[in-house]
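Each chain, written out:
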Amino acid sequence: MVYKALTIAGSDSGGGAGIQADLKTFQELRVFGMSALTAVTAQNTLGVQGVYPLSPEAVAQQIESVGTDLGADAVKTGMLFSAEIIEVVASKVKQFGWERLVVDPVMIAKGGAPLLQEEAVSALKTHLLPLSMVVTPNIPEAEALTGLTIRTIEDRKEAAKRLHELGVKYVVIKGGHDDDGEETVDVLYDGSEFFYFTSKRIDTKHTHGTGCTFAAAITAELAKGKTVQEAVQTAKSFIQAAISHELGIGHGHGPTNHWAYREKQAR
Ligand SMILES: Nc1ncnc2c1ncn2[C@@H]1O[C@H](COP(=O)(O)OP(=O)(O)O)[C@@H](O)[C@H]1O
Ligand SMILES: Cc1ncc(COP(=O)(O)O)c(N)n1
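Residues numbered from 1 in each chain as written. Chains lettered and ligands numbered in written order. Predicted model: local features only at pLDDT ≥ 70, side-chain atom pairs only at ≥ 80, totals over all residues. Heavy atoms only, no water.

**Q** Where do I start with unusual backbone geometry in this structure?
**A** Among all residues save glycine, negative phi is the norm, and among peptide bonds the norm is trans. Despite not being glycine, arginine 30 has its phi angle at roughly 60 degrees, a positive value. Taking the relative accessible area as the measure of exposure, arginine 30 reaches 64% and is therefore exposed. In this structure, phenylalanine 81 takes a positive phi of about 70 degrees despite not being glycine. Inspection of the secondary structure assignment puts phenylalanine 81 in the loop between β4 (74-77) and α3 (83-96). (Buried < 20%, exposed > 50% of the residue type's maximum accessible area, 1.4 Å probe, protein only. Helix = DSSP H or I, 4+ residues; strand = E, 2+ residues; numbered from the N terminus.)

Pasting the structure below:
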């Protein structure tokens, strides 16, 4: 069986995040990857040197080309840049009836460069989140989407409930930015229960692209028909392996190791 996943996101010339992280992750999990670019970034492990958005028509046409021919078992969005792009993406998702939609609400690169215009946050909430199966904010993104200040697990649970009210079926609030303690905990909410995905916190600066990779792994597993809980569990193992077997490349915040999970399985 050939499972297919489409990522709608920005390009990271440095290869660690964005479209490149998504396609590498799909491939590692044996899912055929397809892409619709929203923007080209000139980027490396030191930061973002340039952002060149594509027109909403160019984004729509790429999705149309994939949707009318190959089709997709699951779809992921990453950097969407503007409200106009969010609106065309939402309309194409509806047109093709894609239900297995994972929205990674990318807002700001780790170095601080904005990847989503500020006024586009409300478009994300009104147009895209109601269509999505899973949303995967980090703590600052969950704060921007809900207006809450998030410090404790209870705060994250409250934010997850508010996001669920927008129509998302499953909310995953990632814990990478909560740097107290020995563990990283990702919280999943399905509208009635909370589930916790915990791993040992790795002390490293090489976390460029962790969010993209994690959401791409969820998408790949959903493409295979796995449940959201199973998909999040695999994604947590995938990202843990990718962070812990660091590549040590570049002069700044390096990329994660996308082949580590496969090599670990093969041993
Ligand atoms: N230092 C770390 N050690 C282990 N897991 C981490 C670490 N940093 C992030 N993660 C994991 O990577 C994934 C992405 O998390 P996060 O860094 O919060 O997202 P983003 O990249 O969107 O800011 C989550 O599953 C999180 O638990
Ligand atoms: C094109 C693009 N998309 C997304 C990210 C976020 O990366 P991270 O996963 O580190 O939050 C990025 N730096 N560049």
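**Q** I'm lost on the UniProt feature "domain: Pyridoxamine kinase/Phosphomethylpyrimidine kinase" (unreviewed entry) in the protein chain in this one. Help?
**A** Those residues carrying the UniProt feature "domain: Pyridoxamine kinase/Phosphomethylpyrimidine kinase" (unreviewed entry) are residues 12-257 in this numbering. With 40% helix and 20% strand, residues 12-257 has its two end C-alpha atoms placed 15 Å apart. (UniProt positions renumbered as here; feature names shortened; annotations may be inferred.)

**Q** Help me understand the site of ligand 2, please; the structure alone is not making it clear to me.
**A** For ligand 2, the set of nearby residues contains 15 residues, the closest of which are Gln43, Lys110, Gly209, Gly211 and Cys212. Within the side chain of glutamine 43, one N or O atom sits 2.8 Å away from a nitrogen atom of ligand 2. In the model, an oxygen atom of ligand 2 is placed 3.1 Å from a nitrogen or oxygen of the glycine 211 main chain. Relative to its unbound accessible area of 370 Å², ligand 2 is 95% covered by the protein chains. Secondary structure elements with two or more residues in the shell around ligand 2: β1 (4-12) and α7 (210-223). Ranked by the residues each element gives to the shell around ligand 2, the list is headed by α7, at three residues. Tallied by class, residues from the shell around ligand 2 come to six nonpolar, eight polar and one charged. (Near = heavy atom within 4 Å. Polar contact = N/O pair within 3.5 Å; in protein donor to acceptor, adjacent residues only side chain to side chain. Areas by Shrake-Rupley, 256 points an atom, 1.4 Å probe, with all protein chains shown as cover. Nonpolar A, V, L, I, M, F, W, Y, C, P; charged D, E, K, R; others polar.)

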